[in-house]
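Single-letter residue listing:
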Amino acid sequence: MEKEICKISISTNSLNDDYIFYDNGTIKRIYDNHSLSSDVTEWLEPGQISKQSKDKLIKNCPEELKEKIMHFLDYP
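Keep in mind that what you see is a predicted model, and the values were worked out from it rather than measured.

Let's talk about the side chain of S53
Looking at the secondary structure, you find S53 in helix 1 (residues 51–60). Judged by its relative accessible area of 16%, S53 is buried. Setting aside residues up to four positions removed in sequence, S53 forms contacts with I10 and Y19.

Laid out in structure tokens, this is it:
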């Protein structure tokens, strides 16, 4: 079973947008489409995450995990 490394939120306004990173390289996103559609879950590959979202994830990432998360996201 994979172990959670960290959870990073890039939520805006009242809509949640959380990414959970696991030690096996998988990424789970839990987000709200709108107020009536909440907690949508999807599993992502780094290529499915926009550059804008990657920028926000790295910005909000705990400093001690930044290098590891950058590697997971294939972030320049």
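Some points on helix 2 (residues 66–73)
Every α-helix carries 3.6 residues per turn, so stepping three or four residues along brings you back to the same face. Along helix 2, the residues classified as buried are K66, I69, F72 and L73. Taken down its axis, helix 2 places every buried residue within 125° of arc, on the same side. Among the exposed residues of helix 2, those pointing more than 90 degrees away from its buried face are E67 and H71. Close packing links the buried residues of helix 2 with strand 1 (4–9), strand 2 (17–22), strand 3 (27–31) and helix 1.

Reading the values: rules and limits
- Residues numbered from 1 in each chain as written.
- Predicted model: local features only at pLDDT ≥ 70, side-chain atom pairs only at ≥ 80, totals over all residues.
- Heavy atoms only, no water.
- Helix = DSSP H or I, 4+ residues; strand = E, 2+ residues; numbered from the N terminus.
- Buried < 20%, exposed > 50% of the residue type's maximum accessible area, 1.4 Å probe, protein only.
- Contact = heavy atoms within 4.5 Å.
- Arc of directions from axis to C-beta.

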